[in-house]
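# Structure assessment
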Amino acid sequence: MKINYKNKLLSYFKASLISAAIFAAVSCEGLLEENVVSNIGNDYLNTPSGLNDGLQAAYSSFRSWYGTERGNNFTVFGTDTYTNGSDGSFKYMNFYTSDFDSQNSHVREVWDQLYQGINTANAVIERAPEVEGLSEEIRQIRIAEAKFIRAHHYFILVQLFGPIDLQLSESVIPNNEVTRTPVPEIYAAIINDLETAIPELPAVSQADDYGRATRPAAENLLGKVYVTKATSEAAANDDYAKAESLLQSVIENYSFRLLDNYGDIHAFGNEVNDEVIFATQYSNNPLTNGTGNNTHVFFLMEYDVQPGMRRDTENGRPFKRYMPTDYTLNVIFADRENDSRYQQSFKHTYYSNNPGTFNTSFDHSKSQVNFAAGDTAIYVPGYEMSEEVRAQKPFQVLVPSAYTERLFPTLNKHLDPGRADLTQFQGTRDYISFRLADTYLLLAEAQLKQDKIAEATENVNMVRRRAAFPGKEGEMEISTSDMDMEMIIEERARELLGEQQRWLDLKRWGILVERVRAHNPKSIGIEEFHVLRPIPQNQIDRAQGNSANFPQNPGY
């Protein structure tokens with residue numbers, strides 16, 4: 001049984017009514033205006049059931065980031081691995097033009113919704129000690145869970161925006177006295193939350209509470225915090241050593257394992273598996289699913305108007321937002337003989353669900369195609385195939401020279417054939433937020449930065465051997481002479497493509513601008529200041545003193 005996030009039910013409002021947090025201190029326009037939707041009072045959070053409902057409301061704020069258009073636009077767009085497809089109103093986030101400014105709705109939503117989650121976590125942390133009827137063990141676990149949530153949200157915010165407002169206590173009345181706290185203080189608060197949470201959290205999820213924070217999830221997050229902090233203005237000499245210890249613990253002290261087959265990690269119906277350390281929970285219940293995990297629509301090509309095809313739930317609702325770059329297809333996945341990840345990351349065959357005889361559209365090696373139901377209608381081999389060879393095929397072949405912003409390889413990791421109908425936007429799959437292969441690669445990065453080359457090499461090889469076609473494990477292994485940052489940079493692209501990592505990775509490594517300029521020709525406007533996102537203008541406007549007291553990031 002999964003944790004039941006209630007962000008659309010009464011219990012969500014039970015928590016939100018008594019937690020104004022950054023609704024008051026950061027999110028309100030002048031005075032806080034709330035629509036009272038229940039008779040639940042402020043004291044409800046001081047009861048065991050109210051505290052649990054408040055914590056579930058805080059968990060639901062993960063859905064503002066993972067599996068959303070905004071979360072993907074912030075992390076997939078404007079990188080070296082993905083550029084824009086034909087559709088969508090947020091292409092300027094890939095272009096880095098002046099349209100990407102402080103009025104951007106995604107900027108505002110990420111800021112407000114993560115701060116709302118922070119304030120709800122603050123309320124749980126402050127109220128829990130006074131709640132009667134809780135065992136001391138459960139009380140400490142609930143506080144630790146709230147600290148995990150708060151730390152995670154501040155970690156996302158500080159990476160995106162730099163100095164931000166640090167609120168560590170519950171806000172229950174409107175307050176416009178906010179400041180941009182220096183980055184080192186933000187990291188100190190994140191680390192303190194996770195260090196105090198780790199001893200109190202359970203080592204494994206309970207069967208009826210899957211989806212809550214655990215000790216390894218907090219260790220994994222703290223390890224990533226240290227790897228990231230090491231490249232920030234908060235850097236300390238021991239950051240990589242601390243990260244190494246935490247990430248090794250996640251690998252060695254718990255029951256996680258790399259799945260034998262790379263394609264199984266994101267297989268539909270297998271969202272709960274041994275590689276998952278923490279996942280953001282979604283549901284097939286429309287009353288509790290919010291806006292759903294909608295990642296399933298963004299990586300798809302326009303298959304549904306091609307000869308022999310129509311839209312269906314299996315192939316997805318193609319928004320055509322994210323198109324892989326040439327760098328992704330030709331450099332990252334250059335080895336397709338030994339490495340299975342290209343084969344298993346992209347969709348290669350579309351079977352006709354609209355039988356009949358049609359004129360061809362993109363494959364001009366033939367003039368017509370004829371399909372019975374279930375015949376191959378489109379094949380995407382991933383390499384050039386001569387016109388003579390294609391002419392012999394009874395289907396259309398989409399070769400790289402025919403790729404467009406509408407027709408390109410479809411990432412299959414997020415497909416959601418379990419939706420109720422072909423138009424449903426609210427996807428139901430859990431979003432895998434932390435998984436073990438990422439842990440191995442973060443550990444290798446921390447070890448490489450400490451000149452532990454042999455150890456880093458072996459941890460990269462753990463990931464690469466798993467990714468090998470059967471019998472090709474030896475060919476996939478690298479030697480210590482191959483082990484450098486370029487290997488880490490490319491290996492993370494291969495392993496974690498489309499998993500809301502890349503922009504944050506490039507920023508952490510200090511190579512965002514150079515890599516985007518080199519590999520994403522549509523990102524015509526990128527400048528050095530784009531390593532930070534714009535502070536939402538409504539936040540500046542509602543701060544006491546406005547921009548004098550809460551200044552915008554440079555360049556916006």
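Parameters at a glance
- Residues numbered from 1 in each chain as written.
- Predicted model: local features only at pLDDT ≥ 70, side-chain atom pairs only at ≥ 80, totals over all residues.
- Heavy atoms only, no water.
- Helix = DSSP H or I, 4+ residues; strand = E, 2+ residues; numbered from the N terminus.
- Rg over C-alpha atoms; globule rule 2.2 N^0.38 Å.
- Buried < 20%, exposed > 50% of the residue type's maximum accessible area, 1.4 Å probe, protein only.
- Contact = heavy atoms within 4.5 Å.
- Pairing = 2+ DSSP bridges.
- 1 Å grid on protein atoms, 1.4 Å probe; cavity = no way out; pocket = protein on both sides within 12 Å on 5 of 7 lines; lining within 4 Å.
- Points joined across faces, edges and corners; volume = space filled by probe spheres on them.
- Nonpolar A, V, L, I, M, F, W, Y, C, P; charged D, E, K, R; others polar.
- Expected span 1.5 Å × (residues − 1).
- Salt bridge = Lys/Arg side-chain N within 4 Å of Asp/Glu carboxyl O.

Take the overall build of the protein next. A tally of regular secondary structure across the protein gives 20 helices and eleven strands. Scaling as 2.2 N^0.38, a compact globule of 556 residues should have a C-alpha radius of gyration of about 24 Å, and the protein matches this with 24 Å. For the protein, the residues scored as buried account for 61% of the 556 residues in total. In the protein, of all internal contacts separated by at least 6 residues, the share reaching a separation of at least 24 is 73%.

Here three bridges tie strand 5 (residues 349-351) to strand 8 (residues 376-379), and the two strands are oriented antiparallel to one another. By the bridge assignment for strand 8, Tyr-350 is matched with Ile-378. Pairing geometry for strand 8 and strand 9 (residues 396-397), over two bridges, is parallel. Within strand 9, the residue paired with Tyr-379 across the bridge is Val-397.

Moving on to the layout of surface pockets. Counted as a void, the second largest pocket has a volume near 320 Å³. Looking at the lining of the second largest pocket element by element, the count peaks at four residues for strand 2 (residues 276-280). Residue composition of the lining of the second largest pocket, grouped by class: eleven nonpolar, five polar and two charged.

Here we take up helix 15 (residues 453-467). An ideal rise of 1.5 Å per residue puts 21 Å on 15 residues; helix 15 measures up with 21 Å between its terminal C-alpha atoms. Taken as a whole, helix 15 has its buried residues at Ala-456, Thr-457, Asn-459, Val-460, Asn-461, Val-463, Arg-464, Arg-466 and Ala-467. Structurally, helix 15 contributes buried residues whose contacts are with helix 12 (341-345), strand 11 (431-435), helix 14 (436-448), helix 16 (473-476) and helix 17 (485-496).

Looking along a regular strand, one sees the side chains alternate between the two faces of the sheet. The buried fraction of strand 2 amounts to five of the five residues, a majority that puts the element mostly inside the structure. Relative to strand 11, strand 2 runs antiparallel, the two sharing four bridges. By the bridge assignment for strand 11, Val-276 is matched with Arg-435.

Following the sequence through the fold, Ala-420 ends up in the loop between strand 10 (410-411) and strand 11. Sequence separation between Ala-420 and Thr-313 is 107 residues; the distance between their C-alpha atoms is 8.0 Å.

Side chains carrying opposite charge are able to pair once their charged atoms draw close together. Within this structure, the stated rule accounts for 47 salt bridges. Its salt-bridge partner being Lys-320, residue Asp-87 comes within 2.9 Å of it at the nearest N-O pair. Taken together, the residues span a long stretch of sequence, with Asp-87 in the loop between strand 1 (82-84) and helix 5 (92-95) and Lys-320 in the loop between strand 2 and strand 3 (322-324) at a distance of 233 residues. On the basis of relative accessibility, which here comes to 24%, the residue Asp-87 falls in the partly exposed class. For Glu-337, the salt bridge identified is with Lys-472, shortest N-O distance 3.8 Å. Taken together, the residues Glu-337 in the loop between helix 11 (326-332) and helix 12 and Lys-472 in the loop between helix 15 and helix 16 connect sequence positions 135 residues apart. Given a relative accessible area of 58%, Glu-337 falls into the exposed group.

This next bit is on the sheet that holds strand 9. Read from one edge to the other, the open sheet built from three strands follows the order 5-8-9, with strand pairing classed as mixed. Unpaired on one side and paired on the other, strand 5 and strand 9 mark the two borders of the sheet.

This part covers helix 8 (residues 183-197). Taking 1.5 Å of rise per residue, 15 residues should cover 21 Å, and helix 8 covers 21 Å from first to last C-alpha, within 8% of that figure. Within the span of helix 8, buried status applies to Val-183, Ile-186, Tyr-187, Ala-189, Ile-190, Ile-191, Asp-193, Leu-194 and Ala-197. Packed against the buried residues of helix 8 are helix 7 (136-161) and helix 9 (215-229).

This part takes up empty space enclosed by the protein. One pass over the structure, following the stated rule, counts six cavities of 30 Å³ or more. The volume enclosed by the largest cavity comes to roughly 140 Å³. In terms of lining, the largest cavity is formed by 15 residues, of which the most central are Tyr-66, Ile-156, Lys-224, Gln-501 and Leu-504. Contributions of two or more residues to the lining of the largest cavity are made by helix 7, helix 9 and strand 11. There is about 120 Å³ of room inside the second largest cavity. In this structure, the second largest cavity is lined by His-266, Glu-271, Asn-293, His-296, Lys-413, His-414, Asp-416, Arg-429, Asp-430, Tyr-431, Ile-432 and Glu-499. Class assignment of the residues belonging to the lining of the second largest cavity gives a composition of two nonpolar, four polar and six charged.

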